[in-house]
Each structure stands twice: as C-alpha cells, then as structure tokens.
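Listed here are the chains, written in short residue letters.
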Amino acid sequence: MIGTESESHDYVAGLCDEEAMERLDTLCAELVEENTRQNLISKPSEQNIWQRHIADSAQLLEYVPRETFGVWLDLGTGAGFPGIVIAAMRPQMPVVLVESRAKRVDWLGRISAKLGLSKCRIEGQRLELVEPFEARVISARAFAPLPKLLRLSAPFSTKATTYLLPKGRSAAQELQEMPKATRRMFHVEQSLTDEDAGIIVSANALKPRQETGR
Ligand SMILES: C[S@@+](CC[C@H](N)C(=O)[O-])C[C@H]1O[C@@H](n2cnc3c(N)ncnc32)[C@H](O)[C@@H]1O
C-alpha cells in the first residue's frame, strides 16, 4: 500500500518518464491555485495530492499494455482525475475527457493546453450527447452508480474495451448487485492508494505488478 506523499511520488515516477513527472508537478501546482477559484478538490486533499489524486489515477495504467494504441475515454473527469493524469503520463495516446460543468471544462482546457497535451480532447458536454466512438479504455472515478455508468458508456464500448472504474468502498457491493452476466465480466482489484477502496475492472484488464505488495 502506498501510504505517504513521497511513496506516491516514487510510485508514479516508476510508471512514466521525467517529462511526464514535470507535467504532473505543474498540474499539482496549477490545481492548488485553481482550487482557490473553484471547488475542484477538497481542501484537505491538497496536503496529500500525490496519494489521493495523482497516484490514485496513475495506478490505472498498470491494467493496460504500455503501448496502448486506441482511445482512452474518461467519464466525468471533473478536476482531471484520472483523465488528465493519464494524458500527462502518456501524451502520445489519444485521451478524451467528458465533463459537463462549464467551469471544469474551462479548467480542463487550460491545463491541457498548459501541459501541451495535443492528443487530449475535451468533450465539454453531457456524455449522453457525445457522438459515440470506439474506446479502447473507459475510466470513470466517482462518476455514477455502476448500472448507470455501464448504460451511458455502452455506445463507446466494444469487446476489446477495458473498463477501469475506481469505486472507493462501494466497489464490491456495487458489482455484487449487478446481474450475474455482468458480474462475470468484471472483478474488483484492491486500490494501491487506499486500503478501503476497490477498482472495478473488466476481465480483459492486465494483472497489475505483483511487487507493489498487494
Ligand atoms: C464526483 S465528480 C468526480 C470527478 C473526478 N472524476 C474525480 O474523481 O475527481 C463527477 C463529475 O462528473 C461530471 N458528470 C456527472 N454526470 C455527467 C454526465 N452525464 N456527463 C458528463 N459529465 C458528468 C460532474 O460534472 C462532475 O465533475
């Protein structure tokens, strides 16, 4: 389990190059600054931003091949999690962020430009209105209850799509409440950054590295 800011920083550094780490440092600084103007993240979580937000997002990369080619779709990106972190760590991969709240859309546009994320596209509207395309990965943190999430994301999903859904404490319960056919398609992985949190992942997700101590 990753318990401290410095452990979180080291963990993320092991998943990306130095330029990506510089982008993430910039993201953290800009986020704290923007958090004085709009409510992007909770004030207390500014103190452990690497654990609560950056490493928490970055761990999703462990579930997909390093050379992922298709589009990564992040639903309800909000302040940027996990979508902006993923885009900052893998700038060559096309990433689409869907967010409906205007102030957050504006922030996502500004930070994406500042970080030079040319492959990152922001859909500033409700997911229900986005023209469907095939997503290689669909991620969503704190976006919607699982039945709604799967219903809204279905137009973007194929058999090859990997779902990565950080769900906090409710992960096992939410999956348990789904019909049997859906339960067979997913399982819950332990979050690296919170011992009480789970990530609902689809069956085609990679197994994460073992040396992380899980
Ligand atoms: C609880 S926040 C989570 C933000 C971010 N994923 C995180 O974990 O920090 C949920 C976000 O989803 C957005 N959202 C909710 N329903 C949406 C929809 N149907 N289409 C697009 N965005 C939506 C909200 O505006 C909000 O920013």
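Under an unreviewed UniProt entry, the protein chain has the name Ribosomal RNA small subunit methyltransferase G and belongs to Altererythrobacter epoxidivorans. Quoted straight from UniProt, the Sequence similarities (unreviewed entry) entry for the protein chain says "Belongs to the methyltransferase superfamily. RNA methyltransferase RsmG family." We quote the UniProt Catalytic activity (unreviewed entry) comment for the protein chain here in full: "guanosine(527) in 16S rRNA + S-adenosyl-L-methionine = N(7)-methylguanosine(527) in 16S rRNA + S-adenosyl-L-homocysteine".

Draft legend 1. Quick look at the UniProt feature "binding site: S-adenosyl-L-methionine" (unreviewed entry) in the protein chain. Mapped onto this numbering, the UniProt entry annotates "binding site: S-adenosyl-L-methionine" (unreviewed entry) at G76, F81, L127, E128 and R141. Checked against the lining of the largest pocket, the annotated residues reduce to G76, F81, L127, E128 and R141. Residues contacting F81, with those up to four places away along its chain left out, are L31, I41, H53, I54, S57, D74 and R141. For L127, the location among the structural elements is in the loop between strand 3 (120-123) and strand 4 (135-139). Looking at L127, the relative accessible area reads 4%, which means it is buried. Apart from residues lying up to four places away in sequence, L127 is in contact with L75, V98, F143, L152, S153 and F156.

Draft legend 2. Summary view of the sheet that holds strand 3. Reading across the sheet, the seven strands line up as 3-2-1-4-5-7-6 and stay open at both edges, with mixed pairing between neighbours. Looking at the sheet topology across the chains shown, the edges are occupied by strand 3 and strand 6 (186-190). Strand-to-strand twist in this sheet, taken as the mean axis angle between neighbours without regard to direction, amounts to 20 degrees. Pairing of strand 2 (residues 95-98) with strand 3, which is carried by four bridges, proceeds in the parallel orientation.

Draft legend 3. Seen up close, the packing of aromatic side chains. All chains considered together, the criterion is met by two aromatic pairs. On the basis of an interplanar angle of 70 degrees and a centroid distance of 5.7 Å, the ring pair of Y163 and F186 is categorised as edge-to-face. Placement of the pair is Y163 in strand 5 (residues 162-168) and F186 in strand 6, with a sequence separation of 23 residues. Residue Y163 is classed as buried on the basis of its relative accessible area, which comes to 7%.

Draft legend 4. Quick peek at the site of the ligand. If you check the shell around the ligand, you find 16 residues, and the closest are G76, F81, E99, R104 and R141. Contact distances for the ligand include 3.2 Å between a nitrogen atom and a side-chain N or O atom of R126. Here an oxygen atom of the ligand sits 2.6 Å away from a polar atom, N or O, in the side chain of R141. Burial of the ligand by the protein chains amounts to 81% of its free accessible area of 600 Å². A majority-of-atoms criterion places the ligand in the largest pocket. For the shell around the ligand, the residue count by class is five nonpolar, five polar and six charged.

Draft legend 5. Spatial organisation of the environment of Q125. Inspection of the secondary structure puts Q125 in the loop between strand 3 and strand 4. Sequence separation of Q125 and L97 is 28 residues, and the distance between their C-alpha atoms is 10.0 Å. Contacts of Q125, omitting those with residues within four sequence positions, involve V98, E99, S100 and V130. Within the structure, the side chain of Q125 is placed 2.9 Å from the side chain of E123, a separation counted as a polar contact.

Draft legend 6. Helix 3 (residues 49-58), seen in detail. Summarising burial for helix 3: nine of the 10 residues are buried, a large majority. Of the surrounding secondary structure, the elements contacted by the buried residues of helix 3 are helix 1 (5-13), helix 2 (18-34) and helix 4 (83-89).

Draft legend 7. Spatial organisation of a negative patch on the surface. Together, D17, E18, E19, E22 and D25 make up a region of like negative charge exposed at the surface. With respect to the helices, strands and loops of the structure, D25 is situated in helix 2.

Draft legend 8. How the structure looks around the side chain of N35. Note on placement: N35 falls in the loop between helix 2 and helix 3. The residues touching N35, leaving out its near neighbours within four places in the chain, are L40, I41, S42, K43 and E46.

Draft legend 9. Layout of the layout of surface pockets. In this structure, the largest pocket encloses a volume near 800 Å³. Around the largest pocket, the lining comprises 40 residues; the ones closest to its centre are G76, F81, R141, A142 and F143. If you list the elements that add at least two residues to the lining of the largest pocket, you get helix 3, helix 6 (146-153), strand 5 and strand 7 (198-202). For the lining of the largest pocket, the element with the highest residue contribution is helix 3, accounting for four residues. Within the lining of the largest pocket, the residues separate by chemical class into 13 nonpolar, 15 polar and 12 charged. Quantified by volume, the second largest pocket comes out at close to 280 Å³. In terms of lining residues, the second largest pocket is bounded by 13 residues, among which R66, M89, R90, P91 and Q92 are the most central. Across the lining of the second largest pocket, the residue classes tally to five nonpolar, two polar and six charged.

Cut-offs applied
- Residues numbered from 1 in each chain as written.
- Predicted model: local features only at pLDDT ≥ 70, side-chain atom pairs only at ≥ 80, totals over all residues.
- Heavy atoms only, no water.
- UniProt positions renumbered as here; feature names shortened; annotations may be inferred.
- 1 Å grid on protein atoms, 1.4 Å probe; cavity = no way out; pocket = protein on both sides within 12 Å on 5 of 7 lines; lining within 4 Å.
- Contact = heavy atoms within 4.5 Å.
- Helix = DSSP H or I, 4+ residues; strand = E, 2+ residues; numbered from the N terminus.
- Buried < 20%, exposed > 50% of the residue type's maximum accessible area, 1.4 Å probe, protein only.
- Pairing = 2+ DSSP bridges.
- Axes fitted to C-alpha atoms, helices over the stretch in contact; angles between N-to-C directions.
- Phe/Tyr/Trp six-rings, centres within 6.5 Å; stacked < 30°, edge-to-face > 60°.
- Near = heavy atom within 4 Å.
- Polar contact = N/O pair within 3.5 Å; in protein donor to acceptor, adjacent residues only side chain to side chain.
- Areas by Shrake-Rupley, 256 points an atom, 1.4 Å probe, with all protein chains shown as cover.
- Sits in = over half its atoms within 2 Å of the grid points.
- Nonpolar A, V, L, I, M, F, W, Y, C, P; charged D, E, K, R; others polar.
- Patch = residues over 30% accessible without salt bridge, like charges linked within 9 Å, V, L, I, M, F, W, Y side chains within 5 Å.
- Salt bridge = Lys/Arg side-chain N within 4 Å of Asp/Glu carboxyl O.
- Lys, Arg positive; Asp, Glu negative; His and termini not counted.
- Charge placed at Lys NZ, Arg CZ, Asp CG, Glu CD.
- Points joined across faces, edges and corners; volume = space filled by probe spheres on them.

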